[in-house]
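So the chains spell out like this:
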Amino acid sequence: MNHDHDHADGGGHGHEAHRGPAVSRRALMILGGTAIIAAAIPGMLFTRTPAGSGVAAGEFIALLADPESAAYLGRRFIADGGAPESAIIHEKRLAGALCAEGWTPGMSVEDTHRALAAAVRADYAAARTVSIAEWHLSQTEGSLCALAAITSSGGSEAHG
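Calculation criteria
Residues numbered from 1 in each chain as written. Predicted model: local features only at pLDDT ≥ 70, side-chain atom pairs only at ≥ 80, totals over all residues. Heavy atoms only, no water. Phe/Tyr/Trp six-rings, centres within 6.5 Å; stacked < 30°, edge-to-face > 60°. Helix = DSSP H or I, 4+ residues; strand = E, 2+ residues; numbered from the N terminus. Buried < 20%, exposed > 50% of the residue type's maximum accessible area, 1.4 Å probe, protein only. pLDDT = per-residue confidence, 0-100. Contact = heavy atoms within 4.5 Å.

## What about the packing of aromatic side chains?
Here's step 1: All told, the structure shown has one aromatic pair when counted by the stated rule.
Here's step 2: Ring geometry for Phe60 and Trp103: centres 5.7 Å apart, planes at 40°, overall tilted. Highlighted residues: Phe60 in helix α2 (residues 57-61) and Trp103 in the loop between α4 (87-99) and α5 (109-125), separated in sequence by 43 residues. As far as burial versus exposure is concerned, Phe60 and Trp103 are alike and both buried.

Okay, here's the thing in structure tokens:
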């Protein structure tokens, strides 16, 4: 048992050098009522809906404190075959998880954050988790990361 490295990821693979910034769960998602970048997002994100979906991807991406880091994890999740490369699928999964916690499209950012936090807690309580780059996230968080990856890449190059 060699513990020469004090890495949070456990260093399971020698080739596991992260190209992106270090990602912490706390930095990745805002689950509390702290000041967020999403407060500056125009209200139009809450009224646009893509064809075939009940909500806009932007509404969910606005929940992220660090969309770039979430997109990094999402690209890894898709590349490893753990998530489909379809924004509509992830939008519907997220909407379903949040609706189960009392959320409806157009709710305030604070209420949406509360529903997201409740959906994440429900996932963990039911052992609905995914593993992405040695991170163990709830399915809801995994879908949010995948959606961030798809929307940041245009949705066509994340498969591999």
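## Details of the confidence of the model for the protein
Here's step 1: Scored by pLDDT, the protein comes out at a mean of 73, with 60% of its residues at no less than 70.
Here's step 2: Across residues 1-16, where pLDDT falls below 50, the model places nine contacts with residues more than four positions away in sequence or in other chains.
Here's step 3: Low pLDDT, under 50, characterises residues 155-160; the stretch is placed with 12 contacts to residues that sit more than four places away or in other chains.

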